[in-house]
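Here are the chains, one letter per residue:
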Amino acid sequence: MIILTINCWSYSVRYQLFDWDNNKVLAGGTVERVIIGDSYFDHEIPGSPTVRIEQDCPDHRTAIELILGTLTSAELGVIGEISEIGAVGHRVAHGGEKFTHSLLIDDEVMEAVREMVQLAPQHNSNNIAGIEAAQALLPGVPHVAIFDTAFHQTMPEHAFIYPLPHEWYEEYGVRRYGFHGASHLFVSRRAAALLGKPATQCNLITLHIGKGASLCAIKDGASIDTSMGLTPIEGAAMGTRCGDIDPGIPPFIMQEKDVSPREMDTILNMKSGMLGITGRYKDRRDIIREMEAGDDRCRLAFEIEAYRLKKYIGAYLAAIGPLDALVFTAGVGVMAWQIREQTLQGLEIFGIVPDKEANRRAVSLESEMEISAADSRVKIFVIPTAEELVFAEDTAAILAGTYTDPAHFPYSFARADFKRTYHLPDSSRRAAGEG
């Protein structure tokens with residue numbers, strides 16, 4: 001079984017190609033700057049240097065055509081022909097309440113995903129473009145949807161219902177959904193393996209920190225709360241998203257500056273967060289570098305991000321009770337030891353005690369590390385995420401008829417002897433944490 005996974009963003013397409021029967025990743029990479037011009041494709045075969053292909057991709061279909069053409073090319077290919085691909089797993093951002101787990105894509109599923117566009121216009125429309133392109137280019141092949149929101153469908157009503165007119169929920173589906181589900185699922189299962197306990201007996205707080213950031217409160221292996229809400233804008237301060245703010249601010253500014261609803265949406269999603277505070281930077285590496293050089297706005301952005309992460313940890317400790325582990329993941333969560341250090345300061349009262357030197361050493365995208373001190377009651381892990389592995393495993397299990405709901409499915413990566421055998425190019429790995 002050869003499985004292709006596709007993850008379409010606004011201006012990029014990320015993929016991996018798995019030889020599932022032999023537990024191998026054949027290739028992986030990302031097409032960047034789709035639609036906006038000057039597109040390029042970073043393509044990697046295990047054991048070989050990354051190859052960059054510069055080719056304009058005006059839409060997602062062209063990007064997927066480039067991927068498929070490269071996978072079957074004489075020079076860079078890893079399969080003889082496209083027909084060797086037996087299934088495609090697609091990441092879909094928003095599944096609403098309708099989808100609580102991954103499933104085969106048919107006309108009914110596609111119609112429901114289209115209905116969700118109003119809840120995630122910047123995400124589902126791109127996911128749909130990728131699915132339709134892949135279905136056209138790979139006709140007759142099973143396509144599976146893996147929903148970002150599915151892992152959080154175990155939240156209780158008191159966690160997902162907003163204190164708003166209840167008919168908004170009944171008529172329009174206004175509620176907390178949460179995102180980054182595959183990432184929170186993966187690292188929670190890996191944390192359970194590192195703890196040597198069944199996932200259903202683990203209480204965890206997972207922090208997915210990239211360009212986008214979300215935290216998840218996990219009790220007995222199930223999501224009971226998460227920081228993102230109806231849309232990915234709620235929660236922690238992020239690269240360009242504001243996260244939690246006074247809801248009175250947008251209408252106030254809209255009136256004072258004559259800003260339209262669409263313009264305000266763009267400001268809150270694309271011009272706020274770290275970029276809004278610094279006026280220049282959204283990449284945490286830039287912010288940390290300039291902060292260390294004395295830039296006060298970058299220092300402020302750094303402190304705001306860490307402070308808000310710490311407040312969520314405190315809130316989720318109250319919701320969960322006794323905690324087994326705290327887990328950092330995604331590009332920033334794995335690589336920015338400074339943010340972890342600042343976030344963890346002062347949490348010793350809750351039994352969360354980091355080892356300062358271990359934390360500073362834990363900057364690898366290749367390995368899992370424990371950064372808790374010997375006297376810490378709560379384990380602290382840094383675990384690189386691998387969402388594509390979730391996509392591929394769900395796809396394979398659905399086709400084999402062995403798939404159950406995410407909470408109880410015995411994922412291969414949940415085993416104690418799981419080994420990471422391959423990772424994407426640096427550009428793709430960074431992108432994996434920027435959702």
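This structure is a prediction, so every number in the text was calculated from the model and none was measured.

A. The arrangement of the overall build of the protein in detail. When helices and strands are tallied, the protein shows 16 helices and 14 strands. In terms of overall dimensions, the protein is globule-like: its C-alpha atoms have a radius of gyration of 21 Å, near the 22 Å expected for 435 residues. Counting only C-alpha atoms and orienting by the principal axes, one finds that the protein spans roughly 55 × 55 × 45 Å. In the protein, which comprises 435 residues, the proportion classed as buried is 56%. Here the contacts in the protein between residues at least 6 apart in sequence split such that 64% fall between residues at least 24 apart. Accessible surface computed for the protein: about 18,300 Å², of which carbon and sulfur atoms make up 51%. Charged side chains of the protein number 40 positive and 59 negative; the gap between the two group centres comes to 6 Å.

B. Here's a closer look at the pattern of salt bridges. Overall, the coordinates contain 19 salt bridges when judged by the stated rule. A salt bridge links E132 to R114, with the shortest nitrogen-to-oxygen separation between them at 2.8 Å. In this pair, E132 is assigned in helix α3 (residues 124-137) and R114 in helix α2 (residues 107-115), connecting sequence segments 18 residues apart. Taking relative accessible area as the criterion, E132 reaches 37% and is therefore assigned partly exposed.

C. Molecular detail of the sheet that holds strand β9 (residues 204-209). Across the sheet, which stays open at both edges, the six strands sit in the order β11-β10-β9-β12-β14-β13 with mixed pairing between neighbours. The sheet is open, and its two edges are formed by β11 (222-226) and β13 (369-370), each paired on a single side. Both β13 and strand β14 (residues 379-382) contribute to a ladder of two bridges, which runs antiparallel. When the bridges of β14 are listed, M369 appears paired with V382.

D. Main features of the nonpolar core. Grouped together as the largest cluster of nonpolar side chains are 44 residues, with contacts concentrated most on I205, L207, L215, I313, L326, L344 and I352. Dropping the residues within four chain positions of it, I352 is found in contact with I313, L317, L323, L326, L344, L347, S376, V378 and I380.

E. The arrangement of a nonpolar patch on the surface in detail. Residues Y11, I35 and I36 make up a contiguous nonpolar surface patch of roughly 280 Å² in combined accessible area. On the basis of relative accessibility, which here comes to 42%, the residue I36 falls in the partly exposed class.

F. Geometry of the sheet that holds strand β1 (residues 2-8). Read across the open sheet, the eight strands follow the order β5-β4-β3-β2-β1-β6-β8-β7; overall the sheet is mixed. If you trace the sheet from one side to the other, it starts and ends with β5 (51-54) and β7 (103-104), each paired once. Pairing of β7 with strand β8 (residues 143-147), which is carried by two bridges, proceeds in the antiparallel orientation. Across the sheet, residue L104 finds its bridge partner in β8, namely V144.

G. Quick look at the packing of aromatic side chains. This model, assessed by the stated rule, comprises ten aromatic pairs. When the centroid spacing of 4.8 Å and the interplanar angle of 45 degrees are considered together, the rings of F186 and F413 count as tilted. Placement of F186 in helix α6 (residues 181-195) and of F413 in the loop between α15 (387-400) and α16 (426-432) is noted, with a sequence separation of 227 residues between them. With relative accessibility at 0%, the residue F413 sits in the buried group. Among the aromatic side chains, those forming a connected cluster through ring pairs are F186, Y403, F409, Y411, F413 and F418. Between R175 and the ring centre of F160, over which it is positioned, the NZ or CZ distance is 3.6 Å. Just above the ring of Y177 sits the side chain of R175; from NZ or CZ to the centre is 4.7 Å.

H. Here's a closer look at the state of the cysteines. Taken as a whole and assessed by the stated rule, the structure comprises zero disulfides. Here C202 is not cross-linked by a disulfide; its sulfur's nearest cysteine counterpart is in C216, at 13 Å. For C202, a relative accessible area of 0% puts it in the buried group.

I. View of helix α13 (residues 337-344). Buried within α13 we find Q338, I339, R340, T343 and L344. Buried positions along α13 lie against α10 (284-292), α11 (296-320), β12 (325-329), α12 (330-335), α14 (356-361) and β14. Downstream of α13 by one or two residues, G346 has phi in the positive range, about 90 degrees.

J. Fine view of the packing of α2 against α3. Running from amino to carboxyl end, α2 crosses α3 at an angle of 155 degrees, the nearest separation of the two axes being 9 Å. It follows from the interaxial angle that α2 and α3 lie roughly antiparallel. Crossing of α2 against α3: the hand is left-handed. Residue-level contacts link M110, V113 and R114 of α2 to N124, I128, I131 and E132 of α3. Tallied by class, the residues present in the contact of α2 with α3 amount to four nonpolar, one polar and two charged.

K. Up close: the pairing of β12. For β12, the buried fraction is high: five of the five residues fall into the buried class. Burial along β12 is two-sided: the residues A325, V327 and T329 and L326 and F328 are all buried. Across five bridges, the pairing between β9 and β12 is parallel. Residue pairing in the sheet places T206 in a bridge with V327 of β12. Pairing geometry for β12 and β14, over four bridges, is parallel. The residue of β14 that forms the bridge with A325 is K379.

L. Expanded view of the environment of S183. With respect to the helices and strands, the residue S183 is situated in helix α6. Look at S183 and you get buried, because its relative accessible area is 0%. With residues near it in sequence (within four places) discarded, S183 still touches H208, T329, T385 and E387. One polar contact links S183 to T385, side chain to side chain, over a distance of 2.9 Å.

Quick notes on the rules
Residues numbered from 1 in each chain as written. Predicted model: local features only at pLDDT ≥ 70, side-chain atom pairs only at ≥ 80, totals over all residues. Heavy atoms only, no water. Helix = DSSP H or I, 4+ residues; strand = E, 2+ residues; numbered from the N terminus. Rg over C-alpha atoms; globule rule 2.2 N^0.38 Å. Buried < 20%, exposed > 50% of the residue type's maximum accessible area, 1.4 Å probe, protein only. Contact = heavy atoms within 4.5 Å. Areas by Shrake-Rupley, 256 points an atom, 1.4 Å probe, with all protein chains shown as cover. Lys, Arg positive; Asp, Glu negative; His and termini not counted. Charge placed at Lys NZ, Arg CZ, Asp CG, Glu CD. Salt bridge = Lys/Arg side-chain N within 4 Å of Asp/Glu carboxyl O. Pairing = 2+ DSSP bridges. Core = buried A, V, L, I, M, F, W, Y, C linked by side-chain atoms within 4.5 Å. Patch = residues over 30% accessible without salt bridge, like charges linked within 9 Å, V, L, I, M, F, W, Y side chains within 5 Å. Phe/Tyr/Trp six-rings, centres within 6.5 Å; stacked < 30°, edge-to-face > 60°. Lys NZ or Arg CZ within 6 Å of the ring centre and 35° of its normal. Disulfide = S-S within 2.5 Å. Axes fitted to C-alpha atoms, helices over the stretch in contact; angles between N-to-C directions. Parallel < 35°, antiparallel > 145°, perpendicular 65-115°, else oblique. Left-handed = near helix turned anticlockwise from the far one by under 90°. Nonpolar A, V, L, I, M, F, W, Y, C, P; charged D, E, K, R; others polar. Polar contact = N/O pair within 3.5 Å; in protein donor to acceptor, adjacent residues only side chain to side chain.

The analysis is restricted to geometry; functional conclusions fall outside its scope.
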